[in-house]
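Residues per chain are reported as follows:
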Amino acid sequence: MKPSDLAKPFVHSYPSYVPGRPIEDVARDMGLDPSGIIKLASNENPFGPSPMAVEAGKRALEQGQLYPDGGCYALRNRLARFHGLAPEQFVIGNGSNEVIELLGHVFLGPGDEVVMGKPEFVVYSLVAVLFGAKAVEVPLVGHRNDLSALARAVTPRTKLVIVATPNNPTGTANSPEELASFIRSLPGTAICVVDEAYSDFAGAPPDIRPLIREGRNVIGLRTFSKVYGLASLRVGYGYASAELATLLDRVRQPFNVNAIAQAAAIAALDDTGFSRRCVAETRSGLRRLEKGFADLGLEFVPSEANFILVRVGDGDRVFDALQRRGVIVRPVRSYGMPEWVRVTVGTPEQNERLLRELAAVVR
Ligand SMILES: *Cc1c(COP(=O)(O)O)cnc(C)c1O
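Residues numbered from 1 in each chain as written. Predicted model: local features only at pLDDT ≥ 70, side-chain atom pairs only at ≥ 80, totals over all residues. Heavy atoms only, no water.

**Examining the packing of aromatic side chains**
Right, on to step 1. Using the criterion set out here, one finds 11 aromatic pairs in the structure.
Right, on to step 2. Taken together, a centroid distance of 5.2 Å and an interplanar angle of 40° make the contact between Phe 224 and Tyr 228 tilted. Residues Phe 224 and Tyr 228 agree in their burial class; the two are buried.
Right, on to step 3. Ring-pair connections join several aromatic residues into one group, and the members of that group are Phe 90, Phe 224, Tyr 228, Tyr 237 and Tyr 239. (Phe/Tyr/Trp six-rings, centres within 6.5 Å; stacked < 30°, edge-to-face > 60°. Buried < 20%, exposed > 50% of the residue type's maximum accessible area, 1.4 Å probe, protein only.)

**Description of the packing of helix 13 (residues 315-324) against helix 14 (residues 348-362)**
Right, on to step 1. Between helix 13 and helix 14, the shortest axis-to-axis distance is 10 Å and the interhelical angle comes to 125°. By the angle class used here, helix 13 and helix 14 are oblique. The handedness of the crossing between helix 13 and helix 14 is right-handed. Across from Arg 317, Val 318, Ala 321 and Leu 322 in helix 13, the residues of helix 14 making contact are Leu 354, Glu 357, Leu 358, Val 361 and Val 362. (Axes fitted to C-alpha atoms, helices over the stretch in contact; angles between N-to-C directions. Helix = DSSP H or I, 4+ residues; strand = E, 2+ residues; numbered from the N terminus. Parallel < 35°, antiparallel > 145°, perpendicular 65-115°, else oblique. Left-handed = near helix turned anticlockwise from the far one by under 90°. Contact = heavy atoms within 4.5 Å.)

**Some details on the sheet that holds strand 7 (residues 218-223)**
Strand pairing within a sheet occurs via backbone hydrogen bonds; the two strands may be parallel or antiparallel.
Right, on to step 1. As summarised here, the arrangement of the 7 strands in space is 2-8-7-6-5-3-4, forming an open sheet in which the pairing is mixed. Taken across any chain shown, the strands that pair with only one partner, and hence form the sheet edges, are strand 2 (90-93) and strand 4 (134-139). Along the sheet, successive strands turn relative to each other by an average axial angle of 25°, direction set aside.
Right, on to step 2. Direction of pairing for strand 2 relative to strand 8 (residues 236-239): antiparallel, over a ladder of 4 bridges. (Pairing = 2+ DSSP bridges.)

**What about the site of the ligand?**
Right, on to step 1. Within the structure, the ligand sits among 13 residues, and Asn 97, Tyr 198, Thr 223, Ser 225 and Lys 226 are positioned closest to it.
Right, on to step 2. Measuring from a nitrogen atom of the ligand, one finds a side-chain N or O atom of Asp 195 at 2.6 Å.
Right, on to step 3. A distance of 3.3 Å is found between an oxygen atom of the ligand and a side-chain nitrogen or oxygen belonging to Lys 226.
Right, on to step 4. Coverage of the ligand by the protein chains reaches 94% of its 390 Å² of free accessible surface.
Right, on to step 5. When grouped by side-chain class, the residues that make up the shell around the ligand number 4 nonpolar, 6 polar and 3 charged. (Near = heavy atom within 4 Å. Polar contact = N/O pair within 3.5 Å; in protein donor to acceptor, adjacent residues only side chain to side chain. Areas by Shrake-Rupley, 256 points an atom, 1.4 Å probe, with all protein chains shown as cover. Nonpolar A, V, L, I, M, F, W, Y, C, P; charged D, E, K, R; others polar.)

**Quick notes on the domain arrangement of the protein**
It is common to give the size of an interface as the accessible area lost on bringing the parts into contact.
Right, on to step 1. Partitioning the protein into domains gives domain 1 (3-48 + 273-362) and domain 2 (51-271).
Right, on to step 2. Facing 29 residues of domain 1, the contacting portion of domain 2 comprises 32 residues.
Right, on to step 3. Among the residues domain 1 hides against domain 2, the three largest losses belong to Tyr 14, Glu 304 and Tyr 335. Together they make up 25% of the total.
Right, on to step 4. Inspection of the region where domain 1 meets domain 2 yields 12 residue pairs in polar contact (both at pLDDT 80 or more).
Right, on to step 5. Listed by contribution, the elements that provide at least two residues to the side of domain 1 that touches domain 2 are helix 12 (272-295), strand 9 (307-311) and strand 12 (340-344).
Right, on to step 6. Across the side of domain 1 that touches domain 2, the residue classes break down as 16 nonpolar, 9 polar and 4 charged. (Domains from an automatic or database assignment. Buried area = accessible area lost by both parts, 1.4 Å probe.)

**Comments concerning helix 11 (residues 259-270)**
Right, on to step 1. Here helix 11 is 12 residues long and its end C-alpha atoms lie 17 Å apart, about the 16 Å a rise of 1.5 Å per residue gives.
Right, on to step 2. Burial in helix 11 covers these residues: Ala 261, Gln 262, Ala 264, Ala 265, Ile 266, Ala 267, Ala 268 and Leu 269.
Right, on to step 3. Capping the start of helix 11, Asn 258 holds a side-chain oxygen 2.9 Å from the backbone nitrogen of Ile 260, two or three residues further along. (Expected span 1.5 Å × (residues − 1).)

**Observations regarding the sheet that holds strand 12**
Right, on to step 1. What the 3 strands build is an open sheet, ordered 9-12-11; its pairing is antiparallel. If you trace the sheet from one side to the other, it starts and ends with strand 9 and strand 11 (330-331), each paired once.
Right, on to step 2. As judged from the 5 bridges shared by strand 9 and strand 12, these two strands associate in the antiparallel manner. Paired with Phe 307 across the bridge in strand 12 is Thr 344.
Right, on to step 3. Sheet strands in contact with helix 12 are strand 9 and strand 12, and its direction is about 5° off that of strand 9.

**As for the pairing of strand 4**
Along any regular strand, the residues point their side chains to alternate faces of the sheet.
Right, on to step 1. Here strand 3 (residues 113-118) pairs with strand 4 via 6 bridges, running parallel. Pairing of Lys 118 across the sheet is with Pro 139, part of strand 4.
Right, on to step 2. Handedness of the crossover joining strand 3 and strand 4 through helix 6 (residues 123-130): right-handed. (Right-handed = clockwise from strand over helix to strand, strands pointing away.)

**Observations regarding the nonpolar core**
Note that soluble globular proteins tend to have their nonpolar side chains buried in a common cluster.
Right, on to step 1. If you look at the biggest cluster of nonpolar residues, it comprises 54 residues, and the most contacted ones within it are Leu 75, Ile 92, Phe 182, Ile 183, Ile 208 and Phe 224.
Right, on to step 2. Tallying contributions element by element places helix 11 first for this core, with 7 residues.
Right, on to step 3. Per-domain counts for this core show at least three residues from each of domain 1 (3-48 + 273-362) and domain 2 (51-271).
Right, on to step 4. Residues contacting Ile 92, with those up to four places away along its chain left out, are Cys 72, Leu 75, Arg 76, Leu 79, Val 235, Gly 236, Tyr 237, Arg 252, Asn 256 and Val 257.
Right, on to step 5. Residues Val 99, Ala 133, Leu 160 and Ile 219 belong to the second largest nonpolar core, which totals 32 residues. (Core = buried A, V, L, I, M, F, W, Y, C linked by side-chain atoms within 4.5 Å.)

**Focus: unusual backbone geometry**
Note on backbone geometry: most residues besides glycine have negative phi, and most peptide bonds are trans.
Right, on to step 1. With omega at -10°, the peptide bond leading from Thr 165 into Pro 166 counts as cis.
Right, on to step 2. The residue Pro 166 is located in the loop between strand 5 (158-164) and helix 8 (176-185) in this model.
Right, on to step 3. For the bond from Asn 168 to Pro 169, the omega torsion is 20°, close enough to zero to count as cis.
Right, on to step 4. Checked against the element boundaries, Pro 169 lands in the loop between strand 5 and helix 8.
Right, on to step 5. In this structure, Asn 43 takes a positive phi of about 60° despite not being glycine.
Right, on to step 6. The backbone of Arg 234 sits at a positive phi, close to 60°, despite the residue not being glycine.
Right, on to step 7. Within the secondary structure, Arg 234 is located in the loop between strand 7 and strand 8.
Right, on to step 8. Arg 234 gets classed as partly exposed once you look at its relative accessible area, which sits at 28%.

Structure below.
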């Protein structure tokens, strides 16, 4: 028998995640000089990682012969201090994407349902399908998660309800108050997953800690890939009750987070000045992009994240034309938004470049 005959049936139709295009890829394809290309496609931090995180990572690499601390002792303790929680309340993942998969390992099987928005970060539905569960998609209203519709979609088969706030790809947020009453309204048979990947950029970020203390079935997900500029190192985490965090921790690989990532993440948390400056720069970059889009007569979705959706007519065409000019953005046809592209906020120079090239392309 061929391997494909032996594979589990779902694999044949399993959609693969399509990431933002790497700079080197586009350079090869378009015959461009990579140094002239800017990538505003994956919501990375255009200011890079904190220099303190880089130093800490280099020092950790010098001990590269040793296995990392699989329990992430120092990072969990640093996070406990950061959030005012106990170290046992954290589970560290190879990116917060791994924590989503750990939730699948612990809670999902055939016949189970995962309730989520539409459009919504595609990894949620990928993980549902991976474990034979069904993704129940609830349309956003006004580009925002419709919390009461999400609550109505919950059935006795629902194991996970996932809400990203701010949301990806729309950048919109739900208020902390509406989120809290939504979580309190859910039955105890489902776990609410609050994806806080972009909460550092939000004006009023969610705070689920009171809900954890009340004993609600809720977990927050955070990442070092966005404001901390460490996407390449793959580190993120979940925080919840110690009971929930421990269940997830049980099914991870023994050394799922490497030592360079652990050391850099701790240093990134220590460098509060750097992250604060990045958030401030991102907010003013957002205002600049909004004004630029308005000047071009383009509709946009007001964002609370480090990216923004702009309506350009034919998203695929504009994506392609921008790429030829050395600017990589994200087409969102696969999210059911063929007229839009998603643009990550860059450095001030990158934002001006994007607006210049966009003006030339949509004219
Ligand atoms: C970027 C992003 C993450 C973070 O993923 P990592 O695996 O930590 O890099 C999580 N959720 C959403 C919605 C994101 O956009």
